[in-house]
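Observations on chain architecture
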Amino acid sequence: MIREQRNSSRGPNRDQRTNRRIRAREVRVVGSDGSQLGVMTIEAALEKARSESLDLVEVSPMAKPPVCKIMDYGKFKYEEKKKASDAKRTQVVIQLKEVKLRPKTEEHDYEFKVRNTRRFIEEGNKAKVVIQFRGREITHKELGSAILDDVIKDLKDVAVAEQLPRMEGRQMYMILAPTPKVAQKAREQARQAAAAARKSPPPGTGKKPQAAGGAPGADGASTAPGESDGASDAGDATTDEAPDAAPATT
């Protein structure tokens, strides 16, 4: 029963009933300006919407009587789709990057991988730091624990241990997540990037120069087809071939 109620409450949000699809005989009507028009019959509500060249949309079907609003349904759906697109563009997609280390990892390799892990976490992502044991290295688990402790200390300003070190087969791993301050900064950067992308014009929208008449000559003046560059005598016969124009420089 609860599942059916949840499904019925989610359904109208995906596709509201409009105009003649509304089944109720009486509805509570909200005007296009947000004013309360009161309870009226469905025919009267439809006539009111038609008089404004708008649609009657059922916005709260579970109310008694159902609540309908007079609006431009096509414009409403477009704005909803645009809001969803903007929200999707601004959200931060969190990824999980795996960083592999060994109990005998050299200092240079360790620092290199820690720097990459820091950069990845500062972008708002998570990191799975894995210690791989080979052969008899599995008997020295304390070496892996020491390395993971060092990673936590070196990244304590940007990351917290979301999952503490644990064994899984011949691997010891932990998961690091960005601190709330770093995560908030990453979300702000994503919003700024999305805002900049919306303001920038799409590629290929620049104006292209159009030549009126013929092709431009070497001096920038356009020549009509069949008209020669130089002055010709009155008695000269016209030729079919026009002189070649100078190549344009780009």
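Report follows, based on the coordinates. (Residues numbered from 1 in each chain as written. Predicted model: local features only at pLDDT ≥ 70, side-chain atom pairs only at ≥ 80, totals over all residues. Heavy atoms only, no water.)

Moving on to the overall build of the protein chain. The helix and strand tally for the protein chain stands at 6 helices and 8 strands. Listing the helices and strands of the protein chain from first to last along the sequence gives α-β-β-α-β-β-α-β-α-β-α-β-β-α. Taking the contacts inside the protein chain whose residues are at least 6 apart along the sequence as the reference set, 57% of them involve residues at least 24 apart. (Helix = DSSP H or I, 4+ residues; strand = E, 2+ residues; numbered from the N terminus. Contact = heavy atoms within 4.5 Å.)

Moving on to the packing of aromatic side chains. Per the counting criterion, the structure on display carries 1 aromatic pair. Each ring, one from Y73 and one from F76, has its centre 6.2 Å from the other, and the planes form 25 degrees; the classification is stacked. On the criterion of helical spacing, the pair formed by Y73 and F76 is a turn pair, its members being 3 residues apart in helix 3 (residues 73–90). Residue class for Y73 comes out buried when judged on its relative accessible area of 14%. Of the residues examined, F76 reaches a relative accessible area of 24% and is grouped as partly exposed. (Phe/Tyr/Trp six-rings, centres within 6.5 Å; stacked < 30°, edge-to-face > 60°. Buried < 20%, exposed > 50% of the residue type's maximum accessible area, 1.4 Å probe, protein only.)

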